[in-house]
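# Structure at a glance
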Amino acid sequence: MLPPSNPTAIKFQELLRRLDLSGQVVEFSQTTRTAADAAAAIGCEVGQIVKSLIFRVAPDGEAVLAFTSGANRVDEAKLRAAVGGELAKADADFVRQVTGYAIGGVAPFGYAHPAHTYIDEALFQYDQIWAAAGTPNAVFPLTATELQQHTSGQRLRVA
Ligand code: 5CA
């Protein structure tokens, strides 16, 4: 566990400070690209890892974000019902376009445009959760309430 050295992770740490969030970005020499990788690096439960999953509403292409516990798989029927439209999985280019980050390092804040956002109910059972900090080997701690406040996300049982 090291302080961030990657410019994107440093920039994200500055964003956290501007948002008045106290979480410190930590960087690892090993990958935190997937929820399992991140949990192994941090030494926490996989359920405490926030997966940043991006979908697009078909056919108009609006972005939908589902911040999901690493222990869960999104039930697309539940998400579809909440959104009220058909969903398609986003490709890597769409993820980058919407969030500004590459897959494996998608942080939950700092997007140019707002998107429909849902937060997995399961994340609220933990005192602390961890999300990507903009790169595939950097993460930061936060609470599910902070995630909700700063994304204006709607709580949803996604699994
Ligand atoms: N850093 C970790 C934990 S914080 C992380 O970013 N996890 S994640 O779950 O948010 O990002 C990996 C997710 O990206 C996968 O669950 C998968 O849904 C998505 N993904 C992986 N490869 C692709 C791809 N080629 N196209 C679209 N989505 C992808």
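These notes cover the structure that comes with them. As the structure is a computational prediction, the values presented were derived from the model and not from experiment.

### So, the pairing of strand S6 (residues 129-132)
In this structure, S6 lies alongside strand S7 (residues 138-142), joined through four bridges in antiparallel fashion. Each bridged residue has a counterpart across the sheet, and for Trp130 the counterpart in S7 is Pro141. In textbook terms, the turn of a hairpin is the stretch between consecutive antiparallel strands, and for S6 and S7 this stretch comprises five residues, one of which, Gly134, has a positive phi near 105 degrees.

### A look at the site of the ligand
In the region of the ligand, 15 residues are neighbours, and Thr32, Arg33, Ser52, Lys89 and Gly104 sit closest. With respect to the ligand, the backbone of Thr32 contributes an N or O atom lying 2.5 Å from a nitrogen atom. Here Gly104 contributes a backbone N or O atom positioned 2.8 Å from a nitrogen atom of the ligand. In isolation the ligand has 610 Å² of accessible area, and contact with the protein removes 71% of it. When contributions to the shell around the ligand are tallied by element, the ones reaching two or more residues are strand S2 (50-58) and S6. Considering each element in turn, the shell around the ligand owes the most residues, four residues, to S2. Looking at the shell around the ligand, its residues break down into seven nonpolar, five polar and three charged.

### Overview of helix H3 (residues 76-83)
Near the N-terminus of H3, the side chain that reaches the backbone nitrogen of Ala77, with its oxygen 3.0 Å away, is that of Asp75. Gly84 occupies a position one or two residues after H3 and carries a positive phi of about 80 degrees.

### Description of the environment of Pro108
Along the chain, Pro108 turns up in the loop between helix H4 (92-99) and strand S5 (116-120). With a relative accessible area of 4%, Pro108 lands in the buried category. Sequence separation between Pro108 and Ala82 is 26 residues; the distance between their C-alpha atoms is 20 Å. Those residues within four positions of Pro108 in sequence are excluded, and the remaining contacts are Phe12, Phe67, Ala131, Ala132, Phe140, Leu147 and Thr151.

Thresholds applied
- Residues numbered from 1 in each chain as written.
- Predicted model: local features only at pLDDT ≥ 70, side-chain atom pairs only at ≥ 80, totals over all residues.
- Heavy atoms only, no water.
- Pairing = 2+ DSSP bridges.
- Helix = DSSP H or I, 4+ residues; strand = E, 2+ residues; numbered from the N terminus.
- Near = heavy atom within 4 Å.
- Polar contact = N/O pair within 3.5 Å; in protein donor to acceptor, adjacent residues only side chain to side chain.
- Areas by Shrake-Rupley, 256 points an atom, 1.4 Å probe, with all protein chains shown as cover.
- Nonpolar A, V, L, I, M, F, W, Y, C, P; charged D, E, K, R; others polar.
- Buried < 20%, exposed > 50% of the residue type's maximum accessible area, 1.4 Å probe, protein only.
- Contact = heavy atoms within 4.5 Å.

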